[in-house]
Structures are given as structure tokens and as C-alpha cells.
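Analysis of the macromolecular model
The primary structure of each chain is shown beneath.
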Amino acid sequence: MLSGTVGNYDLWNIKGLINGSLGNTVAGRLSASVKERDGYADNITTGQELQDEDNTSIRGQLLFDATENLSILLGADYSDDEQSGNCRHLGNLEASAAA
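So, a few notes on the structure that sits alongside this text. (Residues numbered from 1 in each chain as written. Predicted model: local features only at pLDDT ≥ 70, side-chain atom pairs only at ≥ 80, totals over all residues. Heavy atoms only, no water.)

1. A look at the overall build of the chain
Inclusion rule: In DSSP terms, a helix is any run of H or I states spanning at least four residues, a strand is any run of E spanning at least two, and both are numbered starting from the N terminus. Residue burial is assigned from relative accessible area. The probe radius is 1.4 Å, only protein chains are included, and a residue is buried under 20% of its type maximum, exposed over 50%, and partly exposed in between. For this analysis, residues touch if any pair of their heavy atoms sits within 4.5 Å.
Helix and strand content of the chain: zero helices and seven strands. The helix and strand sequence of the chain, counted from the amino end, reads β-β-β-β-β-β-β. By the burial criterion, 14% of the 99 residues in the chain qualify as buried. Within the chain, contacts between residues separated by at least 24 positions form 39% of all contacts whose residues are at least 6 apart in sequence.

What follows is the structure, given as C-alpha cells:
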């Protein structure tokens, strides 16, 4: 299975999954996801782009059917999540007097 998404701010996201038998008693699964998006705000002090995303994750699993009554599942995960920070917008607040 493979799916993808594209969008504004150069968004792209790809997800994939493959699984199946590796023999009579072993099965495997590998899944991965990559997402990137440019930020949509700038830090006016540093010029750094804010709200951007660069995320990668991978997961692998092996299932061993050791005996009729014993199955062993091994798994490993990797994740890299990079974001440049959130943006905040402060507007003018006006106080109104009650009459």
C-alpha cells in the first residue's frame, strides 16, 4: 500500500506499508511515513521560518511462530520529528467601559 498527499506551503506526505510471509514460520511488516511542509510564518527578529514540519518515521516487525503455542513478535521503530516552532500573533486589545 502506498498513499500520498500534496498541499499548500509545499506540503507533501508519503506513507507506505508492505507485509507478508518470509517463510513457513516467519512474517514481516515494514511501514514508513515522510511529511514535509514549509512554514507559513516568519520570526521577525531572526527571519526563521515558523510552523514548518520535517517528519520521518519507520517501523519494522518480524513475527516468528516458534511452536504451536508460542509466537514471538520483534519490532523496531525510528522517528525523526523536526519543527521550527510555533508562531503567535498578538493583536490589539481594546477595553470598553461599561455604561
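2. Structural notes on the pairing of strand β2 (residues 11–21)
Worth spelling out the cut-off: One requirement defines pairing of two strands: DSSP has to find at least two bridges between them.
Examined bridge by bridge, strand β1 (residues 2–7) and β2 share six bridges and lie antiparallel to one another. What sits directly across from G7, in β2, is L11. Adjacent in sequence and paired antiparallel, β1 and β2 are bridged by three residues, among which Y9 carries a positive phi angle near 55°. Following β2, the chain reverses through four residues before pairing antiparallel with strand β3 (residues 26–37); G23 in that reversal takes a positive phi of roughly 155°.

3. What to know about unusual backbone geometry
If you check the backbone angles, Y9 has positive phi at about 55° while not being a glycine. Here Y9 falls in the partly exposed class, since its relative accessible area comes to 42%. In this model, Q51 sits at a positive phi of 70°, which is unusual for a non-glycine residue. On the secondary structure map, Q51 appears in the loop between β5 (49–50) and β6 (53–67).

4. Points about the pairing of β6
Summarising the sheet, β3 and β6 pair through 12 bridges and their orientation is antiparallel. Note on β6: the bridge partner recorded for S33 is S57. Here 14 bridges tie β6 to strand β7 (residues 70–83), and the two strands are oriented antiparallel to one another. Directly across from L62, in β7, lies its bridge partner L74. The loop that links β6 with its antiparallel partner β7 comprises two residues.

5. Some points on the pattern of salt bridges
To keep it simple, the criterion reads: Throughout this description, the term salt bridge denotes a Lys or Arg side-chain nitrogen within 4 Å of a carboxyl oxygen of Asp or Glu.
Using the criterion set out here, one finds three salt bridges in the structure. With a shortest N-O distance of 3.5 Å, R37 and E53 are connected by a salt bridge. Here the residue R37 occupies a position in strand β3, and E53 occupies one in strand β6, the gap between them amounting to 16 residues. For the pair shown, R37 and E53 are each scored as buried. Note that R59 is salt-bridged to D77, the shortest N-O span being 3.1 Å. Placement of R59 in strand β6 and of D77 in strand β7 is noted, with a sequence separation of 18 residues between them. Within this structure, K35, R37 and E53 form a network of salt bridges that share partners.

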